[in-house]
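# Residue-level structure breakdown
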Amino acid sequence: MRRPVLAANWKMHMTAGETVALAKKILPCQERAGEADIVICPPFTSLAPACSVFQGTGLQVGAQNMHWEDSGAFTGEISAPMLKEIGCTHVIIGHSERRQLFGETDAAINCKLKAALRHGLIPIFCLGETLEQREAGTTQEVCAHQLEQGLAGIQSGDLAKTIIAYEPVWAIGTGRTASPEDAQAVISFIRRELGKKHSHFADQVRILYGGSVKPENIDGLMAQQDIDGALVGGASLDADSFSKIVNYGGAEQ
Ligand code: 13P
């Protein structure tokens, strides 16, 4: 049985002050932390304030990116030890916005994944196809390629700790969610691909769906056999929506 993960990607939203206010509003989500991992990923300047509000609650904090070196002349970058020191447990790696808008390559993503694992941060490794690629019928090929390049050289034990998020680019911020069946089809394909190299571990890896997840569609997604949770963008900026997503399946608010 894989433990569900409900993760919030706040992207470039929420000042430190706004973070404290929203974090306090979602504190009741801690009641679900016994059964699921709940991870909030605010911008860098909001990480420490979020860690302090969530301390001792079971709600966890992740960054949205990091550099692969521990320190050095890398102006504007943040390292894994810096994230660990303030209490982060997770880090999103390879989000499509970083790939598309900031030129992040599979090779860089691979270095970041290894660095996160080396420092005991749980990576949430994102991959997914664009609309063009889906329409060209290359979804599986694209996902298999991103998976293989991103995970190159990562051992099975580390893979088991890694969370994968399948985020079709055409479903991000568009209101156009993949149907639960379409998401299940790609996610089960990803699990089968993992099984080729890591046969005993593929069943342990948590694979999330991301892309226009809302209170209205979370139940259908979570009912799928291979979908272990969600990486939520827009709907995670609203305490009520995010709480409903965390309490999917009709759990008490
Ligand atoms: P939306 O939920 O806003 O579509 O964003 C998804 C996402 O990119 C999460 O990482």
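Conventions used here
Residues numbered from 1 in each chain as written. Predicted model: local features only at pLDDT ≥ 70, side-chain atom pairs only at ≥ 80, totals over all residues. Heavy atoms only, no water. 1 Å grid on protein atoms, 1.4 Å probe; cavity = no way out; pocket = protein on both sides within 12 Å on 5 of 7 lines; lining within 4 Å. Points joined across faces, edges and corners; volume = space filled by probe spheres on them. Helix = DSSP H or I, 4+ residues; strand = E, 2+ residues; numbered from the N terminus. Nonpolar A, V, L, I, M, F, W, Y, C, P; charged D, E, K, R; others polar. Salt bridge = Lys/Arg side-chain N within 4 Å of Asp/Glu carboxyl O. Buried < 20%, exposed > 50% of the residue type's maximum accessible area, 1.4 Å probe, protein only.

## Considerations on the layout of surface pockets
Unoccupied space between atoms shows up once a probe the size of one water molecule is rolled over them. Of the volumes computed, that of the largest pocket is approximately 470 Å³. Lining of the largest pocket is provided by 17 residues; of these, K11, M12, Q64, R98 and F102 occupy positions nearest its centre. Only α2 (44-54) and α4 (96-101) provide two or more residues apiece to the lining of the largest pocket. Broken down by element, the lining of the largest pocket gets its largest block of residues, three residues, from α4. Residue classes in the lining of the largest pocket are distributed as seven nonpolar, six polar and four charged. As a volume, the second largest pocket reaches approximately 200 Å³. Around the second largest pocket, the lining residues are A144, L147, E148, L151, E193, L194, K196, K197 and H198. Residue assignment for the lining of the second largest pocket shows that the elements contributing at least two residues are α7 (139-150) and α9 (180-197). Examining the composition of the lining of the second largest pocket, we find that four residues originate from one element, α9, more than from any other. Grouping the constituent residues of the lining of the second largest pocket by class yields four nonpolar, one polar and four charged.

## Some details on the pattern of salt bridges
In the structure shown here, the tally under the stated rule is 15 salt bridges. Between E129 and R134 there is a salt bridge, with the nearest N and O atoms lying 2.8 Å from each other. Overall, the relative accessible area of 23% leaves R134 in the partly exposed class. Notably, a salt bridge pairs D226 with R191, separated by 2.6 Å at the nearest N-O pair. Of the two residues, D226 is situated in the loop between α10 (218-222) and β8 (229-232) and R191 in helix α9; the sequence distance between them amounts to 35 residues. Each member of the pair, D226 as well as R191, is classed as buried. Salt bridges linked by common partners bring R2, R191, D226 and D228 together as one network.

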